[in-house]
Amino acid sequence: MKLFKTATTTITRFDIRFENVSFGYIKDHNIVNRVSFYVKDQNTVALVGATGSGKTTLTGLISRMWDPKKGRIKIGGVPISRMPQQQLANYVTLISATTPLPDDTLYNAIWSANPKASPEQVFEVLENARVIDFAWELPDGMHTQLRHPECHLSEPEKLRIQIARAMLKNTPILLLDETVATSGAMDMLYLQKAKQELIKDKTVIIITRNPETIKNADQVFVLHDGKLEEHSNAVFYYNHTHQWNLQLEF
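Residues numbered from 1 in each chain as written. Predicted model: local features only at pLDDT ≥ 70, side-chain atom pairs only at ≥ 80, totals over all residues. Heavy atoms only, no water.

Peer 1: Any details on the pattern of salt bridges? Residues and values, ideally.
Peer 2: According to the stated counting rule, one finds 7 salt bridges in the structure shown. In this structure, the salt-bridge partner of Glu 19 is Lys 74, at a minimum N-O distance of 3.3 Å. Of this pair, Glu 19 sits in strand β3 (residues 16–23) while Lys 74 sits in strand β6 (residues 70–75); the two residues are 55 residues apart in sequence, bridging distant segments of the chain. Two residues, Glu 197 and Lys 200, come together in a salt bridge whose shortest N-O distance is 3.5 Å. (Salt bridge = Lys/Arg side-chain N within 4 Å of Asp/Glu carboxyl O. Helix = DSSP H or I, 4+ residues; strand = E, 2+ residues; numbered from the N terminus.)

Okay, here's the thing in structure tokens:
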């Protein structure tokens, strides 16, 4: 296991703990309200809830896009507020189809996630993330400029590129938003296969509405009006999803 040093300690595990965390973008209105939870090292959490319930905000707090108004967030027992931002970036990767891709070729966009990677490593993640399946259909294949007028990527394809970048970066904590519009069963199949390769031996929080993701998670968190309800038995949650129809509308 890799050891990552902070100014005061050495992190040897990558669990996540929220301690009474509150955050809002405007005064006196919290999007996340007194949230506490614990994610074990190398466990997977399915994070579900209606649009605006605070899912993206919560994952953004882990990567310190914002700091909580109240409470603490810890990784490996160490408050993330004590970690330099670059060091935290070595631990945590946010993965979303809405994250802008680099203004470069497809190959370079993936390679830039880890410039020390060899061409063999880049092509390995291209295959594991199922990017290779659509790359050769692009105007210039792997050398297609992503902002080329004829480079039309779907949301699932953009997400697979982001997954490939995350595979190459290889951080121990992953924050994945898989709520993309798919055009068919093959899109979903390729995404699921790419995700399975990505999350091996990682601590993962997945924003999802996919019943299979919920079923296979170690824990299920439901956010509603900024508050969190925890369901440690994912199978129980999966079998009672109909009780949450109102909360799972997107």
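Peer 1: How would you sum up the sheet that holds strand β5 (residues 44–49)? Please name residues and give values.
Peer 2: Taken in spatial order, the 6 strands line up as β8-β9-β10-β5-β11-β12 in an open sheet, and their pairing is mixed. The open sheet has two edge strands, β8 (92–96) and β12 (227–231), and neither has a second partner. Neighbour-to-neighbour, the strand axes of the sheet open up by a mean angle of 20°, direction not taken into account. Where β5 lies against strand β10 (residues 203–207), 4 bridges are found, and the strand directions are parallel. Within β10, the position partnered with Leu 47 by the bridge is Ile 207. (Pairing = 2+ DSSP bridges. Axes fitted to C-alpha atoms, helices over the stretch in contact; angles between N-to-C directions.)

Peer 1: Requested: an account of the sheet that holds strand β4 (residues 32–39), with residues and values cited.
Peer 2: A sheet is described by the order of its strands in space; here 4 strands give the open sequence β4-β3-β6-β7, paired in antiparallel fashion. Lying at the two open borders of the sheet, with one neighbouring strand each, are β4 and β7 (78–79). As judged from the 2 bridges shared by β6 and β7, these two strands associate in the antiparallel manner. In the sheet register, Ile 75 faces β7, and the bridge partner there is Val 78. Along the sheet, helix α1 (residues 55–62) contacts β3, β4 and β6; its crossing angle with β3, the most-contacted strand, is approximately 120°. (Contact = heavy atoms within 4.5 Å.)

Peer 1: Please provide a residue-by-residue account of the environment of His 224, values included.
Peer 2: If you trace the backbone, His 224 turns up in strand β11 (residues 219–224). A residue is classified by how much of its surface remains accessible, and His 224, at 37% relative accessible area, is partly exposed. It is 7.2 Å that separates the C-alpha atoms of His 224 and Ala 50, two residues lying 174 residues apart in sequence. Among the polar contacts listed, one links the side chain of His 224 to the side chain of Asp 225, at a separation of 3.5 Å. (Buried < 20%, exposed > 50% of the residue type's maximum accessible area, 1.4 Å probe, protein only. Polar contact = N/O pair within 3.5 Å; in protein donor to acceptor, adjacent residues only side chain to side chain.)

Peer 1: Let's hear about unusual backbone geometry: which residues, and what values?
Peer 2: Positive phi is not limited to glycine here, since Arg 34 has a value of about 55°. Summarising the element assignment, Arg 34 is placed in strand β4. Backbone geometry places Arg 64, a non-glycine residue, at a positive phi of 60°. If you trace the backbone, Arg 64 turns up in the loop between α1 and β6. For Arg 64, a relative accessible area of 22% translates into the label partly exposed.

Everything listed is a geometric property; what it means functionally is a separate question.
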